[in-house]
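Fold and contact review
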Amino acid sequence: MSRFWKIALIAVAVIVVAGVGFRLLHKPAPAGSASVHAANKGKDGKDETPPVPVTVVPVVRQNVPVYLTALGTVQALNTVTVNPQVGGQLLSLEFTEGQPVKKGQLLAQIDPRTYQAAYDQAVARQRQDQAQLETARSNLARSQDLAAQGYISKQDLDTLRNTAAQYEAAVAADAASVRDSQVQLAYTKVISPIDGLAGIRNVDPGNVVTTSTGIVTLTQLHPINVMFTLPEQNLDMVRRAAAKEGAALQVTALDRTDAHPIASGGVLKVVDNQIDTSTGTFRLKSEFPNANNELWPGQFVNVRLLVNTVDGGLVIPTQAVQRGPDGDYVYQVQADSTVKMQPVTVAGEVGDSHVMIGTGLQAGDRVVTEGQFRLKPGSKVNALKPGEVPAAPTAAELEKAKQNAKGGGRRRG
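Overview of the structure.

Here we come to the overall build of the protein chain. Each helix and strand counted, the protein chain has 6 helices and 20 strands in total. Counting every position in the protein chain, which comprises 413 residues, the buried fraction comes to 31%. Within the protein chain, residue pairs in contact and separated by at least 24 positions form 74% of the contacts whose partners lie at least 6 positions apart. Accessible surface, the protein chain: about 25800 Å² in total, of which carbon and sulfur atoms supply 53%.

This is the structure:
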């Protein structure tokens, strides 16, 4: 091949490469991209990205109760297993299982015949010794008159006096025996020692019972106790709160499933005098009136103990607080309707939907509660009240966006 053709081929290759490069460098942008940029640019070239609609609420001040929570167990104020105090055949049961009983109410009747006989014997012995005592006293009185006249010796008079004293002691012993027999006879009627609720009976009529036989268990439900434990680091807080003058600390019992209150009006009665070294906790006892039997012995409940009330705490909705790698933060709306990431510290919960802020915010600051996923620092927002929706675009705004999209979608030749 001659030198001329070589130069011609090289020139053609250079022209082809230059043409391809020119087309690549001047390739038009996609229509969608051009429309987006065009929609975001005004006539003066400034960014006109529409503000992000978000829900905004102000930081408010309110009195915030401070609670300590724990798992508690309901415990009857008094639990009594009724045992007979004498043995014998059980004739009848005078209570209904599961029903309330009153203090002094008859619960069961034991065969009284043996104890009635013992009581009658004791009364008879007392009468016998009483008669002998009267005889001894009469003899002593007559002998004292005769001794004054010298007809009876001093020794015989002392014997008569001692005989009367012996019968006096016998009568006193008989009186004690009568009282004992009377008590044993009274024990054949089993009486309720407390106001309470009868459980399931343990024996049936006709059985022979002894002093170790449990007839029924009674539980006192009004009032009722709730026992719970708290970590030892809370001990000083509870003791300081309990030492303040005024009413006792308020306790509320909550359901374990959805934590709604099931019993209120409880008060803290006792803080245990020692810490359990194996668990690092201390026990507390609270008392509830339980007028409607909301609480039942053995029931597990969540306990909420009110230990303090913070005056003028800063409160915001829980959903406003976001968690980042450096801790908690909120999106705070600034005066120019842009947002910034504001670090905060959460001091505690306020009910089920709000939190109290310790540091990072002031009363009146506005924070975003909905729409945070579309935000970044510096984003411009359209602040809406809770429940408010953004207004629909006007016809003029829609026409402007359409024109911008058309202008940005033209391809270059």
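Right, picking up where we left off after that structure.
So, on to the side chain of Asp129. Residue placement: Asp129 occurs in helix α3 (residues 113-149). We note that Asp129 is buried and unpaired, the nearest opposite charge coming from Arg125 at a distance of 6.5 Å. Other than its neighbours up to four places away in sequence, Asp129 contacts Tyr167, Ala170, Val171 and Asp174.

Here the focus is the packing of aromatic side chains. Taken as a whole and assessed by the stated rule, the structure comprises 1 aromatic pair. Here the aromatic rings of Tyr329 and Tyr331 are separated by 5.8 Å at their centres, their planes lie at 85°, and the arrangement is edge-to-face. According to the relative accessible area criterion, Tyr331 is buried, its value standing at 6%. Here the guanidinium or amino end of Arg304 rests over the ring plane of Tyr67, the centre of that ring lying 4.5 Å away.

So, about the nonpolar core. What tends to happen in soluble globular proteins is that the nonpolar side chains get buried as a cluster. Within the largest apolar cluster, 25 residues are counted, with the highest numbers of intra-cluster contacts made by Leu230, Val238, Leu268, Phe288, Leu295 and Leu305. Those elements that place two or more of their residues in this core are β2 (60-82), β9 (216-231), α5 (235-243), β10 (250-254), β11 (261-276), β12 (281-288) and β13 (300-317). Among the elements that make up this core, the one with the highest residue count is β9 (5 residues). Ignoring anything within four residues of it in the chain, the contact list for Val238 reads Leu68, Leu230, Leu249, Leu268, Val271, Phe282, Leu284, Leu305 and Val307. Residues Val86, Val101, Ala108 and Leu218 belong to the second largest nonpolar core, which totals 19 residues.

So, on to the environment of Val57. If you trace the backbone, Val57 turns up in strand β1 (residues 52-58). Residue Val57 is classed as buried on the basis of its relative accessible area, which comes to 12%. Residues Val57 and Lys385 lie 328 residues apart in sequence; the distance between their C-alpha atoms is 6.8 Å.

Attention shifts here to the pairing of β13. Sheet topology note: the β2/β13 ladder contains 13 bridges and is antiparallel. In the sheet register, Val64 faces β13, and the bridge partner there is Val310. Two elements, β13 and strand β18 (residues 354-359), share 4 bridges in a ladder whose sense is antiparallel. Each residue of the ladder has a partner; that of Val315, found in β18, is Met356.

As a further point, take the environment of Gly214. Its place among the elements puts Gly214 in the loop between β8 (208-209) and β9. On the basis of relative accessibility, which here comes to 18%, the residue Gly214 falls in the buried class. Considered as a pair, Gly214 and Thr81 are 133 residues apart in the sequence and their alpha carbons are 6.1 Å apart. Beyond its immediate sequence surroundings of up to four residues, Gly214 is in contact with Thr81, Val82, Asn83, Asn202 and Val203.

Turning our eyes to something else, we now look at α5. An α-helical turn contains 3.6 residues, so a residue and the one three or four places further along point in the same direction. Within α5, the full set of buried residues consists of Leu235, Val238 and Ala241. Down the axis of α5, the smallest arc covering the buried residues is 140°, so these residues share one side. When the buried face of α5 is taken as reference, the exposed residues oriented beyond 90 degrees from it are Arg239, Arg240 and Ala243. Close packing links the buried residues of α5 with β2, β9, β11, β12 and β13.

Attention shifts here to the pattern of salt bridges. Taken as a whole, this structure holds 5 salt bridges when the rule is applied. Notably, a salt bridge pairs Arg113 with Asp111, separated by 2.8 Å at the nearest N-O pair. The class of Asp111 is buried, set by a relative accessible area of 15%. Ionic pairing is found between Glu168 and Arg137, a salt bridge with its closest N-O pair at 3.1 Å. Taken together, the positions of Glu168 in helix α4 (residues 154-186) and Arg137 in helix α3 put the pair 31 residues apart, joining distant regions of the chain.

Turning our attention to the pairing of β12. Of the strand pairs in this sheet, β9 and β12 are connected by 8 bridges, and their pairing is antiparallel. Paired with Leu230 across the bridge in β12 is Phe282. One ladder, built from 6 bridges, connects β11 with β12; its direction is antiparallel. Note on β12: the bridge partner recorded for Asp276 is Thr281. Connecting the antiparallel pair β11 and β12 is a turn made up of 4 residues, with Gly280 showing a positive phi of about 70°.

What follows concerns the side chain of Ser181. Considering the arrangement of structural elements, one finds Ser181 in helix α4. Residue class for Ser181 comes out buried when judged on its relative accessible area of 8%. Not counting the four nearest positions on each side in its chain, Ser181 is found in contact with Tyr115, Ala118, Tyr119 and Ala122.

Moving on, we get to α4. The first and last C-alpha atoms of α4 sit 48 Å apart over 33 residues, in line with the 48 Å expected at 1.5 Å per residue. Three or more residues of α4 are buried, namely Leu157, Ala164, Val171, Asp174, Ala175, Val178, Ser181 and Leu185.

Each value, and the rule that gives it
- Residues numbered from 1 in each chain as written.
- Predicted model: local features only at pLDDT ≥ 70, side-chain atom pairs only at ≥ 80, totals over all residues.
- Heavy atoms only, no water.
- Helix = DSSP H or I, 4+ residues; strand = E, 2+ residues; numbered from the N terminus.
- Buried < 20%, exposed > 50% of the residue type's maximum accessible area, 1.4 Å probe, protein only.
- Contact = heavy atoms within 4.5 Å.
- Areas by Shrake-Rupley, 256 points an atom, 1.4 Å probe, with all protein chains shown as cover.
- Lys, Arg positive; Asp, Glu negative; His and termini not counted.
- Salt bridge = Lys/Arg side-chain N within 4 Å of Asp/Glu carboxyl O.
- Phe/Tyr/Trp six-rings, centres within 6.5 Å; stacked < 30°, edge-to-face > 60°.
- Lys NZ or Arg CZ within 6 Å of the ring centre and 35° of its normal.
- Core = buried A, V, L, I, M, F, W, Y, C linked by side-chain atoms within 4.5 Å.
- Pairing = 2+ DSSP bridges.
- Arc of directions from axis to C-beta.
- Expected span 1.5 Å × (residues − 1).

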